[in-house]
Structure formats: structure tokens, C-alpha cells
Amino acid sequence: MITSLRLVNFKTFADEELTVGPFTVILGANASGKSNIRDAFRFIHGIGRGYTLAEIMGGKYGVGGQIEWMGIRGAPNEIVRFGQGYPLGAGEFTVLVELNLDGEKVRYSITVGFNLDAPGGFHLLAERMLVGERPVLGSVVSEQDGRFIPEVRPSLTRTFADRSPDDMRSRLCSIFESIRFLELSPERMREPSIPGAATLGDSGQNLPTVLEVICADPNRKRVLTSWLQELTPMDVQGFEFPRDPGGRVHLQIVEGNGRKVSAYSASDGTLRFLAMLTVLLSDKAEGIYCFEEIDGGIHPNRLWLLLELIERQTAKGGIQVITTTHSPALLAWMNDTTFEHTSVVYRDEYWTDSAIRPIAGLYNLRELRKSTGMERLFTSGWLENAMAFSEGEPDTDHLDDDGETEE
Ligand SMILES: Nc1ncnc2c1ncn2[C@@H]1O[C@H](COP(=O)(O)OP(=O)(O)O)[C@@H](O)[C@H]1O
Ligand SMILES: [Mg+2]
């Protein structure tokens, strides 16, 4: 399980740490830096996929030019935090990940240099992995004729072939690789799927075949339909998976009165729930799932049920869920464990940098939370004020004498 993610000079973060739990909620206003955290998780996922640094950042294309991996959001010179003191187009950032693997503390850190003039732009500056206090990976610096050869691939994956699967480095790779980023699109969920496609795509593709696999197990089917009945106003009894002449699999939802609703006419919210349920009720033992804006398209009345489902499933220990939201309403319903793993990302107009703070550490929020009116407290902007106050004076170093932001 990942327990924390620290970002140094990465996008809006000068040096900030996110506490990660079974279910991690990242709360924040627009442009506060929530998705920049997601981008950092995509970066470590890219490492797990074995890509070079340039591929992780810029994208990876397969034969025929089709895209295998979308690079990290933003232009290459926008990954390193602006205003680091470097000329634009050069700099470095560090990402540090802490994990708990079967009770053992594992720390991994990677520092990446960026130079617009160098081939590929990105190169490895330092990399380290500790299991407890024991180093199992250090930077490999290559030299030829006394000249430093910039490494373009993380050491973690570079010598992968000669490691056994239970090697801690291999385990770390597969954990990074297991991170999934779901940005569900109702349009993609409505598409019929190709028989045999058993993994839900990041936009929700393959929903019919993924559901068909779940429904083949009566027990899992029962759990899934009962959650769906709770989450939607539909009286869902089951599903059918008709084939079209081309062999593609379609989805139909069967209601209690025998009425069948095709995926084409099912509501966006219903499809979203269905896709999330297939993920959360999957029988996979491990995995880390990042959801963008979990509240999107879901009625507030149902949101708390979804929250309960995620809390219940992540408490079992197999999967971790990380979500961004700008809905403080979530705070009113979450359990104590989730509350302790909820952070607010904050950036005020004076700062270019974002701060990440566990909300439990803000004033007497632990007590306030027990009292009523939580939701109002947050929608009224109290949270932002509390954050600004706890940070002290705004950092004005980057302002010139006129109070204007320097270029
Ligand atoms: N390298 C960088 N240095 C400083 N700020 C950055 C950098 N890259 C992006 N940003 C800023 O991050 C903000 C977007 O943050 P984002 O995480 O997408 O917000 P949200 O909380 O809405 O998801 C933008 O205002 C953008 O200017
Ligand atoms: Mg965002």
C-alpha cells in the first residue's frame, strides 16, 4: 500500500506531501493543483510501465502510430515547477513514494533533470530505493571516455530482466504498474465491446464484457445488482448481453417489470455507477485506482452510498482509491479513516505554489466534524480561510516592488 507521495518542484508543488490511505480524498478549488497530483501518480505509473523518461513525459506510440500512452499533461517545460530559479526550459523535480509492503517500510525516490536542449529533454539525476534502512537501488551513473552519459530510463526498470518476481524492486514496479486512472465517459461506456475484452478501459470501454464476466458468478452478480438498486432509482434485476451481427457485445439492463433498457438509453449516472461497481467489486487482489472528480454526474443523495461502498471495499486491504473532488459535501459523510486521509490542496492568488494539508490537522476540525453544519462550513469558504491563516503571511518573494508577478 502506498502511504505517502512527496513532490518537490513538481508542477505547482515546491515541497509538499500527500498522506495516502486506503481511500484518499483530495479536496480543492479549481486550479488548486488536484490534477497535478494525479499527474504525479501518472508519472510513477509510467515508470512501472517500463518507459523511458521522455516517453513517460511525452507519450508512447505503438507501431502504426497509434497511441499507447498519453504523456504527462502539459508541455515538457511545464513539468518542473515554474520560477525555480532556473532559466525556462531547464530544471529538476523529485518524486518520493513511501509504501508499506507486508509491514515493511519501502521508500523510493527519483530526481529527474530537464533540459530542453538535451535529446529527449529528460534524464535521470538520482534514484534511490530503501527497504527499511537497507538500500536496494542506487543511481547508476554511466560514463564513457570520462564523459557523463545521461540515463534516459529509471534504474528501477532498467535491469528488470534479471530479477525474480518477489524481488522488492519487481514488486514496486508492479505496484506502480497497477495504478489505474479512470476518467469515465458515458459515451465510451455505451459502446459495444469486443468479446474477450475483460478489463475496463480508462474511459469505461468494454463495460458489457467486463459485466458479463462478473455476472457469470451468481454471488458477485447479486452484490453488484443490489448496490445498483441502492445507487440508482432503477429496479435493476439483471443484465443481458446480446451480440450484434458483427459479434460485438451490447449491454441491456433488465428491470423488475421485465423492461429492458439498452446502454444507449441508460442515464449517464447509472453507467458511471456500473463502471465504478465493476472496479470496486472486482476480484483482483491489488490495485490503485485514481478517480477524477468522483462527484461528477452523481446526485448528492447517492454520493454518500458510493462513499460507503468505496470505504467498505478499500478497508479490506486489497485496493486503494484516490479521488479528487471539489465537493466538500463528501466530508459530511465520510468515516473516520477516510477523514484522516483527506487532504485539501490550496493555492491563493498570491502564491504560485500549492500547499497540501491533511484536513484533520486544521484547527479543531476533528471536533467540528462531529457537530452539524460541516457542509456549510466548507461551502462558505471557511476552509480556504483556515488554510490561508494557518500558512501565515503569503509568500511574496516572487513579487516585484509593484506587487506584480515577475515573469
Ligand atoms: N510547472 C508548473 N509550475 C507552476 N504551476 C503550474 C505548472 N504546471 C501547471 N501549473 C498550474 O497548475 C494549475 C492547474 O492545476 P490543476 O491540478 O489542473 O488544478 P485542479 O485543482 O483544478 O485539478 C494551473 O493554474 C497551472 O498554471
Ligand atoms: Mg482537475
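Refer to the structure printed above.
These notes cover the structure that comes with them. (Residues numbered from 1 in each chain as written. Chains lettered and ligands numbered in written order. Predicted model: local features only at pLDDT ≥ 70, side-chain atom pairs only at ≥ 80, totals over all residues. Heavy atoms only, no water.)

Some words on the overall build of the chain
What counts, and what does not: To qualify as a helix, a DSSP run of H or I must reach at least 4 residues; to qualify as a strand, a run of E must reach at least 2; elements of each kind are numbered from the N terminus. Remark: exposure states derive from per-residue accessible area (1.4 Å probe, protein chains only) relative to the maximum for the residue type, with buried under 20%, exposed over 50%, and partly exposed in between. The contact rule is simple, with two residues in contact once any of their heavy atoms fall within 4.5 Å. The Shrake-Rupley method, run with a 1.4 Å probe, gives the accessible areas here. Residue values count only the displayed protein chains as cover.
Within the chain one finds 14 helices and 19 strands. Considering the chain as a whole, with its 407 residues, one finds that 51% of them fall into the buried category. Partitioning the contacts of the chain with sequence separation of at least 6, the portion at a separation of at least 24 is 58%. Within the structure as shown, the chain displays about 19,300 Å² of accessible surface, and the carbon and sulfur contribution to it stands at 49%.

What about the packing of helix 7 (residues 218-231) against helix 9 (residues 300-315)?
For the record, the criterion: Here an axis means a line fitted to C-alpha atoms, over the contact stretch when the element is a helix, while the angle between two N-to-C directions is reported on a 0 to 180 degree scale. Under this scheme an angle from 65 to 115 degrees is roughly perpendicular, one under 35 degrees roughly parallel, and one over 145 degrees roughly antiparallel; angles in between are oblique. When residue character is reported, Ala, Val, Leu, Ile, Met, Phe, Trp, Tyr, Cys and Pro are called nonpolar, Asp, Glu, Lys and Arg charged, and the others, Gly included, polar.
Axis separation between helix 7 and helix 9 bottoms out at 9 Å; the angle between their running directions is 150°. With respect to helix 9, the axis of helix 7 lies roughly antiparallel. Residues Trp 227, Glu 230 and Leu 231 of helix 7 pack against Arg 302, Leu 305, Leu 306, Glu 308, Leu 309 and Arg 312 of helix 9. Across the contact of helix 7 with helix 9, the residue classes tally to 5 nonpolar, no polar and 4 charged.

Observations concerning helix 8 (residues 268-280)
Going by this rule: Residue count minus one, scaled by 1.5 Å, sets the expected span of a helix.
Between the first and last C-alpha of helix 8 there are 18 Å, a value that for 13 residues agrees with the 18 Å anticipated at 1.5 Å per step. Counting buried positions over the 13 residues of helix 8 gives 12, a clear majority of the element. All of the buried residues along helix 8 are Gly 269, Thr 270, Leu 271, Arg 272, Phe 273, Leu 274, Ala 275, Met 276, Leu 277, Thr 278, Val 279 and Leu 280.

Things to note about the environment of Leu 251
Looking at where Leu 251 falls in the secondary structure, it is placed in the loop between strand 13 (236-240) and strand 14 (252-255). On the accessibility criterion, Leu 251 (3% relative accessible area) is buried.

Re a nonpolar patch on the surface
What counts is decided by this rule: Two distance rules govern patches: like charges are joined within 9 Å, and nonpolar side chains (Val, Leu, Ile, Met, Phe, Trp, Tyr) within 5 Å, applied only to residues with over 30% relative accessible area and no salt bridge. Take a side-chain nitrogen of Lys or Arg and a carboxyl oxygen of Asp or Glu: if they are within 4 Å of each other, that pair is a salt bridge.
A contiguous nonpolar surface patch, about 340 Å² in accessible area, is contributed by Tyr 61, Ile 67 and Met 70. As for its placement among the helices and strands, Ile 67 is situated in strand 5 (residues 67-69). The class for Ile 67 is partly exposed, based on a relative accessible area of 44%.

Here we look at the sheet that holds strand 12 (residues 179-182)
The condition that has to hold: Paired strands are those between which DSSP finds at least two bridges.
Pairing within the open sheet is mixed, and its 6 strands lie in the order 12-16-17-3-18-19. The sheet terminates laterally at strand 12 and strand 19 (355-358), the two strands that pair on one side only. Recorded for the sheet is a direction-independent mean angle of 20° between the axes of neighbouring strands. Sitting on the sheet, helix 1 (residues 34-48) touches strand 3 (23-28), strand 12, strand 16 (287-291), strand 17 (319-325), strand 18 (342-346) and strand 19, and the angle it makes with strand 12 is about 140°. Packing of helix 9 onto the sheet brings it into contact with strand 3 and strand 17, and relative to strand 17 it is tilted by some 150°.

Details of the pattern of salt bridges
In total, this model carries 22 salt bridges according to the counting rule given. Asp 15 is the partner of Arg 6 in a salt bridge, and the nearest nitrogen-oxygen pair spans 2.9 Å. Taking the shortest distance from any N to any O, the salt bridge between Asp 39 and Lys 11 comes out at 3.0 Å. Taken together, the residues Asp 39 in helix 1 and Lys 11 in the loop between strand 1 (2-10) and strand 2 (13-19) connect sequence positions 28 residues apart. Judged by relative accessible area, which is 1%, Asp 39 ranks as buried. Here Lys 11 falls in the buried class, since its relative accessible area comes to 11%. Salt bridges here are not isolated pairs; linked through shared partners, they connect Lys 11, Arg 38, Asp 39, Arg 73, Glu 183 and Glu 292.

Overview of the site of ligand 1
Keep this limit in mind: Note on terminology: near, applied to a residue and a molecule or strand, indicates that one of the residue's heavy atoms is within 4 Å of it. Any pair of nitrogen or oxygen atoms within 3.5 Å is treated as a polar contact; in protein, a donor-acceptor pairing is required on top of that, and neighbouring residues in sequence qualify only through side-chain atoms on both sides.
Near ligand 1 there are 16 residues, and of these Ala 31, Ser 35, Glu 78, Val 80 and Arg 347 occur at the shortest range. In the model, a nitrogen atom of ligand 1 is placed 3.2 Å from a nitrogen or oxygen of the Lys 11 main chain. Summarising the interface, the protein chains cover 79% of the accessible area of ligand 1, which totals 580 Å² for the free molecule.

Considerations on the pairing of strand 7 (residues 104-115)
On any regular strand, side chains alternate: one points to one face of the sheet, the next to the other face. Inspection of the sheet shows strand 6 (residues 90-101) paired to strand 7 by 12 bridges, in the antiparallel sense. Paired with Leu 99 across the bridge in strand 7 is Val 106. Between strand 6 and strand 7, which pair antiparallel one after the other, the connecting turn spans 2 residues, and Asp 102 there sits at a positive phi close to 50°. Inspection of the sheet shows strand 7 paired to strand 8 (residues 122-131) by 9 bridges, in the antiparallel sense. Its bridge partner lying in strand 8, Phe 114 is registered against Phe 122.

Focus: the packing of helix 8 against helix 9
For clarity, the cut-off: It is the rotation of the near helix from the far one that decides the hand of a crossing: anticlockwise by less than a right angle makes it left-handed, clockwise makes it right-handed.
For the pair helix 8 and helix 9, interaxial distance at closest approach is 11 Å and the crossing angle is 15°. Viewed along their axes, helix 8 and helix 9 adopt a mutual orientation that is roughly parallel. Relative to helix 9, helix 8 is oriented so that their crossing is left-handed. Where helix 8 abuts helix 9, its residues Phe 273, Met 276, Leu 277 and Leu 280 lie against Arg 302, Leu 306, Leu 309, Ile 310 and Gln 313. Taken together, the residues of the contact of helix 8 with helix 9 break down into 7 nonpolar, 1 polar and 1 charged.

That's the geometry; what it means functionally is another story.
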